[in-house]
Amino acid sequence: MTGKIALEEHFAIPETLEDSAPYAAGAGWSTLEQRLLDREHHRLSEMDTYGIAFTILSLNSPGIQAIADTRRANDVARLANDRLAESIAKRPDRFGGFAALAMQDVAAATAELTRSVRELGFIGVMLNGFQQAGDGTDVLYYDHPRYAPFWARVEELGVPIYLHPREPLPGLSIYEGHPWLLGPVWAFAHETAVHALRLMTSGLFDRHPRLTMILGHLGEMIPYNAWRIDHRISKMPKGIPAQRTIADYLRSNVVLTTSGNFHTPTLRAAIAEVGVDRILFSVDYPFEHTADAATWFDRAEIAEADRVKIGRGNAAALFKIAQV
Ligand code: GRE
Ligand code: ZN
């Protein structure tokens, strides 16, 4: 399929590059490093080869969310956003941007969000899970009431927010002695799913019904468990802060991407749970191969009309991208 749009596609700046080193297999770091730093060469030729017309770029994870020092986090976020804006300005026909934000200082985060959308022309935000703060062991989740002005501004600007995985802090006892379960194998989804459920159950989407949250990897395991979550919440005598069910929020405030999860039975389950209008093609470049994502997606046994929606139509509508 040509003309696809992809939106979990990462780049790095020298200041955040090392974050991704643990995820290179063996001697693969020099390639991964080059691909993260490149925004115009190999990236575009891969897009051309595999039928991706437009890519929304985002900073690598955990990026700003792992910079505990508030001033440095704000500075690096601004720098990353400015560099990204320069790349987009060279190829506005092929690239869009997600803002990176430092989340320690809510007013500063809200100001940088606003600058990113209104001045740099970005079409969304990517947050890599919780923000580290203080001495690095403070963790800030975005369901906290202090983020109320931030969420109000996100809704007002009308841009989606991508909640992207990061690693939990080291020392979480359940992973001790089992490092192979960290990262994209399991811990990324575990961490991100709990954060997403915190946001949904906090009532965030009751207060801001026009917010859209994007989850990668076909929903970080949530769609598969939504019924059970709602079933057990419904038995709680005191209820929870949120007014509606997880299944409801999935169908009104959440969209999913196929990043790093190239398996047709899982895609079909996700379509059944959230509807075909809420699933968007993505790769997770350069942590995944565009070839794997695109050859799977282009041939997956789904209706052609669904392939067009997932491949580009849904993203074009959500981000108001003129179809290419
Ligand atoms: C990601 O960005 O989703 C990612 C990484 C590192 C390894 C795998 C992966 O940042 O999917
Ligand atoms: Zn990713």
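This section reports on the structure supplied with the text. Note that residues are indexed from 1 along each chain, following the sequence as it is written. Labels are handed out in written order, letters beginning with A for the chains and numbers beginning with 1 for the ligands. Only residues with pLDDT of at least 70 are given local features in this predicted model, and only at 80 or more are side-chain atom pairs given and counted; all residues enter the totals for whole chains, interfaces and linings. Only hydrogens and water are set aside when side-chain values are computed; all heavy atoms of the structure are taken into account.

## Re the pattern of salt bridges
Side-chain pairing between opposite charges can occur once the charged atoms of the two side chains come close.
Alright, step 1. Every case where a carboxyl oxygen of Asp or Glu lies within 4 Å of a side-chain nitrogen of Lys or Arg is listed as a salt bridge. A full pass over the atoms with the stated rule returns 14 salt bridges.
Alright, step 2. Salt-bridge contacts for Asp298 lead to Lys4; the nearest nitrogen and oxygen are separated by 3.1 Å. Note that Asp298 is positioned in helix H11 (residues 290-299) and Lys4 in strand E1 (residues 4-11), a separation of 294 residues in sequence.
Alright, step 3. Each residue gets one of three labels from its accessible area relative to the maximum for its type: buried under 20%, exposed over 50%, partly exposed in between, using a 1.4 Å probe on protein chains only. The class for Asp298 is partly exposed, based on a relative accessible area of 25%.
Alright, step 4. Measuring nitrogen to oxygen at the nearest pair gives 3.8 Å for the salt bridge that ties Arg83 to Glu15. Of the two residues, Arg83 is situated in helix H3 (residues 70-90) and Glu15 in the loop between E1 and helix H1 (29-37); the sequence distance between them amounts to 68 residues. Strands here are runs of E lasting at least two residues and helices are runs of H or I lasting at least four, both read from the DSSP assignment and numbered beginning at the N terminus.

## Let's talk about the site of ligand 1
Alright, step 1. For each residue, the test is whether any non-hydrogen atom lies within 4 Å of the molecule or strand; if one does, the residue is near. Around ligand 1 lies a shell formed by Glu8, His10, Tyr23, His164, Pro184, Phe188, His217, Asp284 and Phe287.
Alright, step 2. Contact between ligand 1 and His164: an oxygen atom at 3.0 Å from a side-chain N or O atom of the residue.
Alright, step 3. A 1.4 Å probe and the Shrake-Rupley method give the accessible areas. Residues count as covered only by the protein chains that appear here. When ligand 1 is considered free in solution it has 280 Å² of accessible area, and contact with the protein chains removes 95% of it.
Alright, step 4. Charged means Asp, Glu, Lys or Arg here, nonpolar means Ala, Val, Leu, Ile, Met, Phe, Trp, Tyr, Cys or Pro, and polar covers whatever is left, Gly included. Split into classes, the residues belonging to the shell around ligand 1 amount to 4 nonpolar, 3 polar and 2 charged. Polar contact is defined as a pair of N or O atoms within 3.5 Å, subject to the rule that within protein one atom must be able to donate a hydrogen and the other to accept it, and that residues adjacent in sequence are counted only when both atoms are side-chain atoms.

## Some words on the coordination of the zinc ion (ligand 2)
Put simply, a metal with four donors set out as a tetrahedron has ideal angles of 109.5 degrees, and one with six donors set out as an octahedron has ideal angles of 90 or 180 degrees.
Alright, step 1. Atoms of type N, O and S within 2.8 Å of a metal are treated as its donors, and for Na, K and Ca the window is 3.2 Å; water is not considered, so some sites may appear to be missing partners. Distances from the zinc ion (ligand 2) to its protein donors, Glu8 (OE), His10 (NE2), His164 (NE2) and Asp284 (OD), fall within 1.9 to 2.3 Å.
Alright, step 2. Labels for metal geometry use angle windows, namely 85 to 135 degrees for all angles of a four-donor tetrahedral site, and for square planar (four donors) or octahedral (six donors) sites opposite donors over 155 degrees apart plus all others within 65 to 115; sites meeting none of these are irregular. One can describe the site at the zinc ion (ligand 2) as irregular: its 6 donor atoms subtend angles covering 53 to 175° at the metal.
Alright, step 3. Expressed as a motif, the donor residue spacing for the zinc ion (ligand 2) is E-x1-H-x153-H-x119-D. Of this pair, His164 sits in the loop between strand E7 (161-163) and helix H6 (187-201) while Asp284 sits in the loop between strand E10 (279-280) and H11, and the two are 120 residues apart along the sequence.

## Brief notes about the side chain of Asp230
Alright, step 1. Relative to the helices and strands, Asp230 is located in helix H8 (residues 222-233).
Alright, step 2. In this structure Asp230 is buried but unpaired, with Arg251 as the nearest side chain of opposite charge at 9.6 Å. The convention is simple: Lys and Arg are positive, Asp and Glu are negative, and His and the chain ends are not counted.

## Overview of the packing of aromatic side chains
Alright, step 1. Each Phe, Tyr or Trp ring (for Trp, its six-membered ring) is paired with any other whose centre lies within 6.5 Å, and the angle between the two planes then decides the class: stacked below 30 degrees, edge-to-face above 60, tilted in between. What the rule picks out here adds up to 10 aromatic pairs.
Alright, step 2. Taken together, the ring pairs in this structure connect Phe262, Phe281, Trp296 and Phe297 into an aromatic cluster.
Alright, step 3. Here the guanidinium or amino end of Arg146 rests over the ring plane of Tyr147, the centre of that ring lying 5.3 Å away. Any Lys NZ or Arg CZ found within 6 Å of a ring centre and within 35 degrees of that ring's normal is scored as a charge over the ring.

## Focus on a nonpolar patch on the surface
Alright, step 1. Every patch collects residues that have over 30% relative accessible area and no salt bridge, joining them within 9 Å if they carry like charges and within 5 Å if they are nonpolar side chains (Val, Leu, Ile, Met, Phe, Trp, Tyr). Together, Trp180, Leu181, Val185, Trp186 and Met221 make up an exposed nonpolar region whose accessible area comes to about 500 Å².
Alright, step 2. Relative to the helices and strands, Val185 resides in the loop between E7 and H6.
Alright, step 3. Classification of Val185 by relative accessible area gives exposed; the value is 54%.

## Topic: the environment of Phe11
Alright, step 1. Along the polypeptide, Phe11 turns up in strand E1.
Alright, step 2. By relative accessible area, Phe11 is classed as buried at 1%.
Alright, step 3. Taking the C-alpha atoms as reference points, Phe11 and Arg251, separated by 240 residues in sequence, lie 30 Å from one another.
Alright, step 4. Here, two residues are considered to be in contact whenever any of their heavy atoms come within 4.5 Å of each other. Apart from residues lying up to four places away in sequence, Phe11 is in contact with Leu36, Arg39, Arg43, Leu57, Ser58, Leu59, Asn60, Ala80 and Leu84.

## Quick look at the sheet that holds E1
Two pairing modes exist for strands in a sheet, parallel and antiparallel, and in both the strands are linked by backbone hydrogen bonds.
Alright, step 1. Read from one edge to the other, the open sheet built from 8 strands follows the order E1-E2-E3-E4-E7-E8-E9-E10, with strand pairing classed as parallel. At either end of the open sheet lies a strand with only one pairing partner, and these are E1 and E10.
Alright, step 2. Strand pairing follows a simple DSSP-based rule, namely that at least 2 bridges must link the two strands. Pairing of strand E4 (residues 124-127) with E7, which is carried by 3 bridges, proceeds in the parallel orientation. In the sheet register, Val125 faces E7, and the bridge partner there is Ile161.

## Description of helix H10 (residues 264-274)
Alright, step 1. Residues of H10 that are buried: Thr264, Leu267, Ala270, Ile271 and Val274. The arc enclosing the buried residues of H10, seen along the axis, measures out at 120°, which places them on a common side.
Alright, step 2. Count one or two residues on from H10 and you reach Gly275, which has phi positive near 95°. The arc in question is formed by the directions pointing from the helix axis toward the C-beta atoms.

## Some words on the pairing of strand E3 (residues 95-99)
Alright, step 1. Counting buried residues in E3 gives 5 out of 5 residues, a clear majority hidden from the surface.
Alright, step 2. Taking every second residue as pointing to the same face, both faces of E3 are buried, with Phe95, Gly97 and Ala99 on one and Gly96 and Phe98 on the other.
Alright, step 3. Alignment of strand E2 (residues 52-59) against E3, held across 3 bridges, turns out to be parallel. Looking across to E3, one finds that Thr55 is bridged to Phe95.

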